[in-house]
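# Inside the fold
Given next are the chains, with one letter for each unit.
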Amino acid sequence: MNKNEQTLKSIFLKAAENYKKKDFKNAEIFCYKILSIDPNHFDSLSMLATISAINRNFNNAKELLQKAVKIEPKNITAIHNLGTAYKELGKLDDAINYYKKVLEIDPRHTNANFNLGLIFYKLKELKTSKSYLKKAIEIQSNYGIAFFSLGVVHTDLKEFDDAISCYQKAIEINPNLVGAHNNLGLVFRALNDFENAISCYQKTIKIQPNHARAHHNLAQAYKELGEFEKAIKSHQTIIKYEPENLTNYYFLSELKKDILDISLREKIEKIIKNDKCTKINMAYGNYLIAKYERKSKNYEKELNYLIKGHINFFNSDKKKFDLAVKYCFDDVIQITEKAKLEKLGSKNESSIKPIFIIGVPRCGSTLVEKIIGSGKNYIPLGEETSVLENFINKKILDKQSLNLGNINEIRDELNNIYKQRGLIAKKYDYIFTDKSLNNFFYLELIKDIYPDAKIINCKRNVLSSIMSIFQNNLTELAWTHDLDNVFKYFNNYFDIIKKYNDAYPNTIYQLEFEKLVNNPEEESKKLMKFCELPWDEKCLKFYERKDLISKTASNIQVREAIYKHPSEKYLPYKSFLSKYGNKYSWFN
């Protein structure tokens with residue numbers, strides 16, 4: 001070793017000592033001293049890049065790592081770190097390229113697989129994301145955060161059993177991983193297992209008392225169970241931890257309207273005027289002010305605030321919602337028109353008797369379902385199960401085809417899913433409801449798979465439904481955040497129902513909400529007769545049920561007796577929406 005090399009080694013040892021002591025400033029000084037002597041000193045470039053990354057200066061880290069990779073083109077650590085720098089800079093294509101270079105050298109590189117899984121999840125390429133994350137945990141079976149991330153992907157794919165397994169494994173590896181406890185609660189809640197959901201949220205809060213999302217989710221679970229006082233208490237707790245988060249005030253205001261006083265409005269306006277106000281805060285701030293304007297009967301101002309709120313909410317997760325809108329208006333229509341079943345050897349020997357309740361949101365469907373399920377015969381209720389939609393989408397994704405397969409096999413698979421949800425059982429005579437409103441997209445498939453199914457189309461005054469949708473933030477329904485899309489969705493719904501009724505007249509029960517609330521006994525008797533179920537006074541006393549669960553915006557209303565809705569309630573909004581009457585005759 002020559003004198004120059006000895007000098008560089010001695011200086012780098014000093015840099016390394018300072019780095020270990022987290023004295024990054026002096027570590028940098030020694031590294032730059034080395035580079036003034038040898039500009040191609042790989043270890044100094046790597047250390048400087050790491051320090052830049054620690055300081056969140058990823059542009060500098062990227063430039064340093066590019067030099068390092070030129071010096072050692074096969075150095076896996078440098079290539080991987082360069083991919084990470086690009087990932088942090090949001091240059092995902094470059095990040096993917098470098099992570100894949102790592103895998104060309106070492107296909108079993110755990111973190112390259114993991115990071116590719118994260119990137120493809122961000123790009124909403126869930127199937128690809130899943131494959132990389134599975135590879136990461138296959139290589140490193142104690143990789144808790146990888147199990148957690150894979151659980152997130154399974155959840156988005158509605159593969160709930162796999163999601164539960166992954167979250168539980170993540171918790172087994174790291175019992176204090178709060179995100180896994182919280183997300184496991186979300187899955188249990190999606191499956192209507194409220195006991196386990198609440199337990200998961202409580203465990204999250206025990207580990208991290210200020211975990212706002214867990215408090216929020218706990219509040220929502222209590223609300224869905226009708227335990228409003230507990231829900232209010234949870235929302236109030238969140239506000240103590242996040243006093244500037246307007247989301248918390250919005251959800252609390254749904255249960256405790258008296259919080260909407262002058263001082264809160266002043267606070268809301270101050271927050272949304274701040275240049276650093278997030279899109280979510282801007283959304284819920286506008287939603288809240290809309291409530292004030294509605295109370296004051298300033299309907300045009302209310303509508304304008306709602307529009308601003310929905311724009312900000314949509315833009316808060318624009319990529320996700322853009323994909324959802326495309327699915328809603330392009331993909332699902334293609335599925336409706338072109339999805340096929342193989343009917344060779346088809347035979348319906350099934351004793352399963354589903355009751356499908358379809359329509360648009362805010363059409364009275366929750367009330368209808370509770371009436372059906374509250375008579376003499378106990379009926380398991382499948383509120384917003386999305387079983388058909390999730391199943392069909394998964395089939396198409398797996399097969400890469402609109403040919404779903406043999407009808408008998410499809411029926412058996414669906415029956416198993418409904419059984420897993422606790423909806424199919426001999427003691428209930430195999431009768432259950434599926435109130436996934438958008439099942440109207442799959443009417444032709446329903447007819448083939450379940451030819452003896454009962455189908456109820458819930459109808460309500462169009463203006464009432466549209467305004468009720470727009471006044472409520474239906475968070476997961478992308479199309480509800482834009483009035484143009486709301487009207488387009490309604491138009492598709494009307495077209496599909498008309499086409500089906502023309503082809504198969506008198507097969508769908510047309511339930512009119514206004515008739516039901518104005519004459520509940522007579523209309524509920526007709527409804528139960530159609531369902532071939534005995535009518536009982538208890539049908540109209542659904543609100544007395546101890547096990548009443550509702551996840552919809554009608555959660556509070558269905559815990560009261562049926563009451564008449566004034567038909568003129570939404571008339572003041574008609575003139576503000578008049579342009580839609582020119583485009584859609586059904587709105588005139």
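Moving on to the overall build of the protein. Of the regular secondary structure elements, the protein holds 28 helices and 7 strands. Seen through its principal axes, the protein has C-alpha atoms that stretch 100 × 65 × 50 Å. Across the 588 residues of the protein, 52% fall into the buried class. Across the protein, every contact between residues at least 6 apart in sequence was considered, and the portion connecting residues at least 24 apart equals 64%.

Next up on the list: the packing of helix α4 (residues 58–71) against helix α5 (residues 76–88). For the pair α4 and α5, interaxial distance at closest approach is 9 Å and the crossing angle is 155 degrees. Of the possible angle classes, the one that applies to α4 and α5 is roughly antiparallel. Along this stretch, α4 crosses α5, giving a crossing that reads as left-handed. For the pair formed by α4 and α5, the contact residues are F58, K62, L65, Q66 and V69 on the first element and A78, I79, N81, L82, A85, Y86 and E88 on the second.

By the secondary structure assignment, G83 is in helix α5. For the pair G83 and A112, spaced 29 residues apart in sequence, the C-alpha to C-alpha distance is 8.7 Å. For G83, the residues in contact, after removing those within four places along its chain, are A95, Y98 and Y99.

What follows deals with the environment of P380. By secondary structure assignment, the location of P380 is in the loop between α20 (365–372) and β3 (381–383). Considered as a pair, P380 and L423 are 43 residues apart in the sequence and their alpha carbons are 5.4 Å apart. The residues touching P380, leaving out its near neighbours within four places in the chain, are G422, L423, Y428, I431, F432 and T433.

By size, the foremost hydrophobic cluster in this structure holds 147 residues, and its most contacted members are I372 and I456. Sequence-distant contacts of I456, that is, excluding residues within four places in its chain, are made with I355, F356, I357, I358, V368, I372, I508, Y509, L511, L527, F530 and C531. Within the second largest apolar cluster, 37 residues are counted, among which are F12, L65, A68 and A95.

Counted under the stated rule, the structure contains 37 aromatic pairs. Plain terms: the ring middles of F251 and Y284 are 5.9 Å apart, the flat faces sit at 45 degrees to each other, and that makes the pair tilted. Here Y284 lies in helix α17 (residues 279–295) and F251 lies in helix α15 (residues 246–255), a separation of 33 residues in the sequence. For Y284, a relative accessible area of 4% corresponds to the buried category. Between Y500 and Y504 the ring centres are 4.8 Å apart and the planes differ by 45 degrees, which places this aromatic pair in the tilted class. Given a relative accessible area of 6%, Y500 falls into the buried group. Given the relative accessible area of 25%, Y504 is considered partly exposed. The side chain of K124 reaches across the aromatic face of Y121, ending 5.0 Å from its centre. Seen from the ring of W535, K525 lies directly overhead, with NZ or CZ sitting 4.8 Å from the centre.

On to the pairing of strand β2 (residues 353–358). Judged by how many residues are buried, β2 sits mostly within the fold: 5 of 6 residues are covered. Bridge count for β2 against strand β5 (residues 431–435) is 4 bridges, and the pairing is parallel. Residue K353 lies in a different strand from β5, and its bridge partner there is I431. In terms of strand pairing, β2 meets strand β6 (residues 454–459) through 4 bridges, oriented parallel. What sits directly across from I357, in β6, is I456.

Below, the discussion takes up the pattern of salt bridges. Counted under the stated rule, the structure contains 27 salt bridges. For D448, the salt bridge identified is with K447, shortest N-O distance 3.1 Å. Judged by its relative accessible area of 18%, D448 is buried. Taking the relative accessible area as the measure of exposure, K447 reaches 24% and is therefore partly exposed. In this structure, a network of salt bridges that share partners links the residues R56, K87 and E88.

About the thresholds
Residues numbered from 1 in each chain as written. Predicted model: local features only at pLDDT ≥ 70, side-chain atom pairs only at ≥ 80, totals over all residues. Heavy atoms only, no water. Helix = DSSP H or I, 4+ residues; strand = E, 2+ residues; numbered from the N terminus. Buried < 20%, exposed > 50% of the residue type's maximum accessible area, 1.4 Å probe, protein only. Contact = heavy atoms within 4.5 Å. Axes fitted to C-alpha atoms, helices over the stretch in contact; angles between N-to-C directions. Parallel < 35°, antiparallel > 145°, perpendicular 65-115°, else oblique. Left-handed = near helix turned anticlockwise from the far one by under 90°. Core = buried A, V, L, I, M, F, W, Y, C linked by side-chain atoms within 4.5 Å. Phe/Tyr/Trp six-rings, centres within 6.5 Å; stacked < 30°, edge-to-face > 60°. Lys NZ or Arg CZ within 6 Å of the ring centre and 35° of its normal. Pairing = 2+ DSSP bridges. Salt bridge = Lys/Arg side-chain N within 4 Å of Asp/Glu carboxyl O.

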